[in-house]
Amino acid sequence: MIFTGDNIGSVRQHVIQIAKGLNCLEPVRNAGTSYATPCGQCLSCQVFESGNHPDIIYVAGTKTSGIGVDDVRQQMILPMSTKPFRYQYKVFIIDKAETLTPAAQNALLKTIEEPAPYGVFLFIAGNITGFLPTVLSRCAVKRVQDGIVVSAATVDPALINFAEKISAELSQADIFKAFQIYKQFEPYKESKDNLQEILNQLYVIYSKKITDAAASGVLPQSVWLDAAKSITKTKQILKQNGNTQLAIELMLVTLTKS
Ligand SMILES: [Zn+2]
């Protein structure tokens, strides 16, 4: 499972709770959430807090180039071949998963596809654009916002509809049309939250195109990959109080014919 979101600290916290909950001896099951809340008291929870949990493994790159093939073999594939030391699951937390090299991702494919029954991979990624389509098609991608996994139901449907309309128009548009499409953003310009959510929804649309293509065995169009990257970049510019109009117009131009 790949977890992503704007606030990577919050994503990390969320993933840690899931890892802890998986091996907790007295987990609290909450209605409406798919993950158990760890009790914080049992031996597993306490050992985890002490930083020495034998079955929750942090994976990190040993080179500056990112998490490479050797890292993946030594820290994931090899340990996966033995059963958990004491608890129910062997949980691998892969932080900065966007730095997994393509070769490392390829090396992982078989293990992701046929994990041991006790094996759980939790990837934490600042963005998903660096993942191979073959990896994306084998992993569920979850977006974490304000400490919760966002489902479509928590987002204003008007913003989802607007993003879908924009993406449909862009798929048919040329560069000149892209500037006209920007005018439709005017009513949303005053609310940063709304703008960010529209961009989130656009990102979901293009991520889905990429994963759907990969799932059906075709290569995703490079224009979708560019779109996803461009949306991520635009979100950052807006957060840093950059020029809203310029940033969105540039993004719309990138998204034409997509
Ligand atoms: Zn516990």
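Remember, it's a predicted structure, so these values are computed and weren't measured experimentally. Residue positions are given per chain, counting from 1 as you read along its sequence in written order. Only residues with pLDDT of at least 70 get local features here, since the model is predicted, and only at 80 or more are side-chain atom pairs given and counted; chain-wide, interface and lining totals rely on the full set of residues.

## Comments concerning the overall build of the chain
For step 1, the next point in the chain: A count of helices and strands for the chain gives 10 helices and six strands.
For step 2, the next point in the chain: Radius of gyration: C-alpha atoms only; globule rule: 2.2 Å multiplied by the number of residues to the exponent 0.38. Over its C-alpha trace the chain gives a radius of gyration of 20 Å, about what one expects of a compact globule, namely 18 Å for 258 residues.
For step 3, the next point in the chain: With 258 residues in all, the chain has 35% of them scored as buried.
For step 4, the next point in the chain: Two residues qualify as a contact pair if the distance between their C-beta atoms, derived from the backbone, is within 7 Å. The contacts of the chain with a sequence gap of at least 6 include a subset with a gap of at least 24, amounting to 70%. Strands are runs of DSSP state E lasting at least two residues, helices are runs of H or I lasting at least four, and both sets are numbered from the N terminus onward. Counts of 20 or more other C-beta atoms within 10 Å of a residue's own C-beta define buried residues, counts of 12 or fewer define exposed ones, and intermediate counts define partly exposed ones; C-beta atoms are placed from the backbone.

## Considerations on unusual backbone geometry
For step 1, the next point in the chain: Residues other than glycine seldom take positive phi values, yet Lys-96 does so here, at roughly 50°.
For step 2, the next point in the chain: Looking at where Lys-96 falls in the secondary structure, it is placed in the loop between strand 3 (90-94) and helix 4 (102-113).
For step 3, the next point in the chain: Using a count of 17 C-beta atoms within 10 Å as the deciding quantity, one classes Lys-96 as partly exposed.
For step 4, the next point in the chain: A positive phi angle is found at Asn-241, which is not glycine, with a value near 60°.

## Some thoughts on the packing of helix 8 (residues 192-215) against helix 9 (residues 222-239)
For step 1, the next point in the chain: Two elements in contact, helix 8 and helix 9, have axes whose closest approach is 9 Å; the angle formed by their N-to-C orientations is 165°. By the criterion of interaxial angle, the relationship of helix 8 to helix 9 is roughly antiparallel. Of the two elements, helix 8 crosses helix 9, and the hand of that crossing is left-handed. In this structure, helix 8 contributes Lys-192, Leu-195, Gln-196, Leu-199, Leu-202, Tyr-203, Tyr-206, Ser-207, Lys-209 and Ile-210 to the contact, and helix 9 contributes Trp-224, Leu-225, Ala-227, Ala-228, Ile-231, Thr-232, Thr-234, Lys-235 and Leu-238.
For step 2, the next point in the chain: Charged residues are taken to be Asp, Glu, Lys and Arg, nonpolar residues to be Ala, Val, Leu, Ile, Met, Phe, Trp, Tyr, Cys and Pro, and polar residues to be all remaining types, Gly included. Here the contact of helix 8 with helix 9 is built from residues that sort into 12 nonpolar, four polar and three charged. For helices, the fitted axis covers only the stretch in contact; all axes are lines through C-alpha atoms, and the angles between them, taken along N-to-C directions, range from 0 to 180 degrees. For classification purposes, angles smaller than 35 degrees are called roughly parallel, those larger than 145 roughly antiparallel, those between 65 and 115 roughly perpendicular, and all remaining angles oblique. Left-handed describes a crossing whose near helix is turned anticlockwise from the far helix through less than a right angle; right-handed describes the clockwise counterpart.

## With respect to the domain arrangement of the chain
For step 1, the next point in the chain: An automatic or database domain assignment provides the domain bounds reported here. Here the chain is partitioned into domain 1 (2-150) and domain 2 (153-255).
For step 2, the next point in the chain: In this assembly, 10 residues from domain 1 lie in contact with 15 residues from domain 2.

## Brief notes about the nonpolar core
For step 1, the next point in the chain: Residues of type Ala, Val, Leu, Ile, Met, Phe, Trp, Tyr and Cys that are buried and joined through C-beta atoms within 7 Å form what is called a nonpolar core. Counting residues in each nonpolar core, the largest one holds 58 residues, and the members touching the most others are Ile-93, Ile-94, Leu-122, Phe-123, Ile-124, Leu-202 and Tyr-206.
For step 2, the next point in the chain: At nine residues, helix 8 tops the list of elements feeding residues into this core.
For step 3, the next point in the chain: Counting only domains with at least three residues in this core, you end up with domain 1 (2-150) and domain 2 (153-255).
For step 4, the next point in the chain: Setting aside residues no more than four positions away along its own chain, Tyr-206 makes contact with Trp-224, Ala-227, Ala-228 and Ile-231.

## What about helix 4?
For step 1, the next point in the chain: For helix 4, which comprises 12 residues, the first-to-last C-alpha distance of 16 Å matches the rise-based estimate of 16 Å (1.5 Å per residue) to within 8%.
For step 2, the next point in the chain: Among all positions in helix 4, only Ala-104, Gln-105 and Leu-108 are buried. Taken down its axis, helix 4 places every buried residue within 90° of arc, on the same side. Of the exposed residues in helix 4, those oriented more than 90 degrees away from the buried face are Ala-103, Lys-110 and Glu-113. Multiplying 1.5 Å by the residue count of a helix minus one yields the expected span of that helix. Starting at the helix axis, one direction is taken to each C-beta atom, and the arc is that of these directions.

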